[in-house]
Amino acid sequence: MTAYPLPAAPAVLVEDVARIVENVPGVAFLKPGLAARLRSALSRPHPDAGRAPTAGVRLTPEPDATIGWHVDVQVVTVRRARAVDVARAVRSAVEEHLAARCPGRPGPRVTVTVTGQV
């Protein structure tokens, strides 16, 4: 059994994946978490203070360490785009990014859920 450690901290990879997902055509935004929904406009951090926690992307290790990681992405799409096409594009972009970022590792299992349209 070979364990494949991540080359970067999971939080950094989550932010990278979030950035990749947000740039896919047809993605309006990542699904906000409960904290982001409850936060008032006055309590939001300054835009230069860094990125808010990313609730729409989760990175978890698979039960068998030789398999790799599971990436769960939840997005909201724009209404004019077909949700299935956007989901496929998001999955491909995430797989390609992580394959380039983590060479020699088994490919991650990527799940994309479209939670809404705007």
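This write-up is about the structure you can find in this document. (Residues numbered from 1 in each chain as written. Predicted model: local features only at pLDDT ≥ 70, side-chain atom pairs only at ≥ 80, totals over all residues. Heavy atoms only, no water.)

**Things to note about the packing of helix H1 (residues 10–22) against helix H3 (residues 83–101)**
Viewed as axis vectors pointing N to C, H1 and H3 meet at an angle of 140°, and their least axial separation amounts to 9 Å. Of the possible angle classes, the one that applies to H1 and H3 is oblique. At the point where H1 passes H3, the crossing takes the right-handed sense. On H3, the residues that touch Val12, Leu13, Asp16, Val17, Ile20 and Val21 of H1 are Val90, Ala93, Val94, His97, Leu98 and Arg101. Across the contact of H1 with H3, the residue classes tally to nine nonpolar, one polar and two charged. (Axes fitted to C-alpha atoms, helices over the stretch in contact; angles between N-to-C directions. Helix = DSSP H or I, 4+ residues; strand = E, 2+ residues; numbered from the N terminus. Parallel < 35°, antiparallel > 145°, perpendicular 65-115°, else oblique. Left-handed = near helix turned anticlockwise from the far one by under 90°. Contact = heavy atoms within 4.5 Å. Nonpolar A, V, L, I, M, F, W, Y, C, P; charged D, E, K, R; others polar.)

**Considering the side chain of Gln74**
The residue Gln74 is located in strand E3 (residues 69–77) in this model. Non-local contacts of Gln74, meaning those with residues more than four positions away in its chain, are made with Leu30, Lys31, Gly56, Thr113 and Thr115.

**Section: the pattern of salt bridges**
A full pass over the atoms with the stated rule returns four salt bridges. A salt bridge links Asp16 to Arg101; its shortest N-O distance comes to 1.8 Å. A residue pair is termed long-range when its members are at least 10 positions apart, and Asp16 in helix H1 and Arg101 in helix H3 qualify at 85 residues. For Asp16, a relative accessible area of 11% translates into the label buried. Residue class for Arg101 comes out partly exposed when judged on its relative accessible area of 29%. Here Asp72 and Arg58 are joined by a salt bridge, their closest N and O atoms 2.6 Å apart. One end of the pair, Asp72, is in strand E3; the other, Arg58, is in strand E2 (residues 57–61), with 14 residues separating them in the sequence. Salt bridges sharing common partners tie together Asp16, Arg19 and Arg101. (Salt bridge = Lys/Arg side-chain N within 4 Å of Asp/Glu carboxyl O. Buried < 20%, exposed > 50% of the residue type's maximum accessible area, 1.4 Å probe, protein only.)

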